[in-house]
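# Descriptive analysis of the structure
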Amino acid sequence: MIPLDEALTTVLAGCAPLPARSRPLADAVGCVLAGAEVVARDAVPPFANSAMDGYAVRAADVVDVPVRLPVVAEVAAGHPVERPLGPGEAMRIFTGAPVPAGADAIVIVEDTERLEGGAAVELRAVARTGVHIRPVGDDVQMGDVVAVPGDEVTPGRLGLLRSVGVFDVEVRPRPRVGVISTGDELVDDDRPLQPGQIRDTNRPVMLGLVAAAGAQPVDLGHVGDDDGAISTAMDSAAATCDAVITTGGVSMGDTDLVKVVLDRLAGPGVGGMRWMQVAIKPAKPLAFGRIGERKVPVFGLPGNPVSSMVSFELFARPGIRRLAGHPDDRLSRPLLAATADEPLVRRPDGKVHFVRVEVTVREGDLVVRTAGGQASHQLSAMARANGLAVLPDGPGVDAGDRVEVMFLGEPRG
Ligand code: AMP
Ligand code: MG
């Protein structure tokens, strides 16, 4: 058996970031920036504007209150006024409207009374210079670096880039990840099961996990335990995808033809398949290598449904994120400390155990309880779990002990 770190290092070494290309910003949410730093073309805000509805004034005119001033103009968002504000004057102003030249303060409408049908106003609060005015560039100055390679285009970052006039970005594409399930026992649809058959759950699960990881899932179907069929599916995967995930057929059984086919397609030496026994439970077997002319990374994940999901989280997801251009410190899910709400018992066996748990927030602390049966075919607990508790080799933890958790979803309140 090899340690988890070593298996992950092997996988990541075979997943180079995909070549970047320019793309409209609007299509790049979820993609990772590459190339050069992104520099602001415009300042934000581009002009001094009002943060509130009220009256633009000179602060010096609104010292002794109440004071009555004539209202000489109205300034709405998108409609600047040419005329400057003179001494002893006020202008009605709305949120986002350019502050007229000469004005240096806003009195909010709540502190005023409209007089003479709007021709004058009574101001009841002292105006202080700069108050409720958003100055030019108080968020971003022209020429500021607003994003760097490795940053993900989140909706918030998209907004920032757009606000500074950036419409095209250099990003790495979302990796196209093909998924193939293998096994003569698998049934794809809702027909009644014949003796010995089970439904193919891994493929739809993997397709969902690929999509949730921000990549493009490609359904390459299910193939039986047949050398020719597996080879054909792998060839098409290697030709059309940036990475391939297979499930099943990588253990020691006679019908584990995935092994035979991948060894043949990957060939010997660099890029060859590496068959690993990782010191973890579940998901001990893992195959990784690169196939075809384009040296496409292949993840041979175990067939048991829980094992394939845990293996995806620990190896395939970080590998896919590396292809997508995420920096090395953002590939794996973060580990957080939580408190065990009940004993999480295990036996020493030289492996790190990943226990499916429910994580909840209690009085500001994270607490974990087991999500149910922990065998590698039991999806019930996986469906309920929002985290994997990481139990190092040993007897497990007692109630009240601290335990590390890898979040798969959000903690429940
Ligand atoms: P294997 O690694 O092919 O020997 O499969 C290990 C176990 O996982 C067996 O019980 C298989 O029936 C089961 N299994 C393999 N592939 C799938 C799948 N796509 N969906 C559900 N169960 C599967
Ligand atoms: Mg099988």
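See the structure printed just above.
Residues numbered from 1 in each chain as written. Chains lettered and ligands numbered in written order. Predicted model: local features only at pLDDT ≥ 70, side-chain atom pairs only at ≥ 80, totals over all residues. Heavy atoms only, no water.

## So, the overall build of the chain
Helix and strand content of the chain: seven helices and 29 strands. With the C-alpha coordinates aligned to their principal axes, the bounding extent of the chain is approximately 95 × 50 × 45 Å. Out of the 413 residues in the chain, the part that is buried amounts to 46%. In the chain, the proportion of contacts linking residues at least 24 apart, taken out of those at least 6 apart, comes to 72%. For the chain, the exposed area adds up to about 19100 Å²; of that, 53% sits on carbon and sulfur atoms. (Helix = DSSP H or I, 4+ residues; strand = E, 2+ residues; numbered from the N terminus. Buried < 20%, exposed > 50% of the residue type's maximum accessible area, 1.4 Å probe, protein only. Contact = heavy atoms within 4.5 Å. Areas by Shrake-Rupley, 256 points an atom, 1.4 Å probe, with all protein chains shown as cover.)

## As for the sheet that holds strand β1 (residues 21-24)
Strand order in the open sheet formed by three strands is β1-β13-β2, and the pairing between neighbours is antiparallel. Of all the strands in the sheet, just β1 and β2 (32-33) have a single pairing partner and so form its edges. Sheet analysis places β1 next to strand β13 (residues 168-172), joined by four bridges and oriented antiparallel. Each bridged residue has a counterpart across the sheet, and for arginine 23 the counterpart in β13 is valine 169. (Pairing = 2+ DSSP bridges.)

## Points about the nonpolar core
In terms of nonpolar packing, the biggest core is built from 40 residues, with Met206, Val210, Ile245, Leu286, Phe299, Phe312 and Phe315 touching the most fellow members. Mapped onto this core, the elements with two or more residues apiece are α1 (4-13), β14 (176-182), α3 (202-212), β18 (243-247), β21 (285-291), β22 (296-301), α6 (305-323) and β27 (387-391). With nine residues, α6 is the single largest residue contributor to this core. When neighbours within four sequence positions are excluded, phenylalanine 299 is seen to be in contact with Val11, Cys15, Ala243, Val244, Ile245, Thr246, Ala287, Phe288, Phe315, Ala316 and Gly319. Core analysis: the next-biggest nonpolar cluster, separate from the first, contains 18 residues, Val223, Leu262, Met273 and Val298 among them. (Core = buried A, V, L, I, M, F, W, Y, C linked by side-chain atoms within 4.5 Å.)

## Notes on the layout of surface pockets
The volume enclosed by the largest pocket comes to roughly 800 Å³. Forming the walls of the largest pocket are 43 residues, and the residues nearest its centre are Pro282, Asn304, Ser307, Ala375 and Ser376. Looking at the lining of the largest pocket, the elements that each hand over two or more residues are β16 (198-199), β20 (280-281), α6, β24 (344-345) and β25 (352-362). Considering every element that reaches the lining of the largest pocket, the biggest residue donor is β25, with four residues. Grouping the amino acids of the lining of the largest pocket by side-chain chemistry returns 17 nonpolar, 16 polar and ten charged. (1 Å grid on protein atoms, 1.4 Å probe; cavity = no way out; pocket = protein on both sides within 12 Å on 5 of 7 lines; lining within 4 Å. Points joined across faces, edges and corners; volume = space filled by probe spheres on them. Nonpolar A, V, L, I, M, F, W, Y, C, P; charged D, E, K, R; others polar.)

## Examining the packing of aromatic side chains
One pass over the full model with this rule turns up one aromatic pair. When the ring centre of tryptophan 275 is taken as reference, the NZ or CZ atom of lysine 259 above it lies at 5.1 Å. (Phe/Tyr/Trp six-rings, centres within 6.5 Å; stacked < 30°, edge-to-face > 60°. Lys NZ or Arg CZ within 6 Å of the ring centre and 35° of its normal.)

## Side note on the site of ligand 1
Within the structure, ligand 1 sits among 16 residues, and Glu185, Asp200, Thr201, Gly249 and Gly303 are positioned closest to it. Taking aspartate 200, its side chain carries an N or O atom lying 2.8 Å from a nitrogen atom of ligand 1. Between ligand 1 and asparagine 304 there is a distance of 3.2 Å, counted from an oxygen atom to a backbone nitrogen or oxygen. Within the complex, the protein chains bury 76% of what would otherwise be the 490 Å² of accessible surface of ligand 1. For ligand 1, the cavity whose grid points lie within 2 Å of the majority of its atoms is the largest pocket. Mapped by element, the contributors of at least two residues to the shell around ligand 1 are β14 and β16. (Near = heavy atom within 4 Å. Polar contact = N/O pair within 3.5 Å; in protein donor to acceptor, adjacent residues only side chain to side chain. Sits in = over half its atoms within 2 Å of the grid points.)

## Quick look at the pattern of salt bridges
Should the charged atoms of two oppositely charged side chains come close, the side chains can pair. Under the criterion given, the structure shown has 21 salt bridges. One salt bridge connects aspartate 227 with arginine 264, and the closest N-O pair in it is separated by 2.9 Å. Of this pair, aspartate 227 sits in helix α4 (residues 227-240) while arginine 264 sits in helix α5 (residues 257-266); the two residues are 37 residues apart in sequence, bridging distant segments of the chain. Exposure remark for aspartate 227: the relative accessible area of 27% places this residue in the partly exposed category. Here arginine 264 falls in the partly exposed class, since its relative accessible area comes to 47%. Salt bridges sharing common partners tie together Asp188, Asp200, Arg203 and Asp219. (Salt bridge = Lys/Arg side-chain N within 4 Å of Asp/Glu carboxyl O.)

## Topic: the pairing of β25
As judged from the two bridges shared by β20 and β25, these two strands associate in the parallel manner. Bridge pairing in β25 links lysine 281 to histidine 353. Sheet topology places β25 next to β27; five bridges connect them, and they run antiparallel. The residue of β27 that forms the bridge with valine 357 is glycine 387. In this sheet, strand β26 (residues 365-370) lies alongside β25 in antiparallel orientation, the contact comprising six bridges. Across the sheet, valine 357 pairs through a bridge with threonine 370, a residue of β26.

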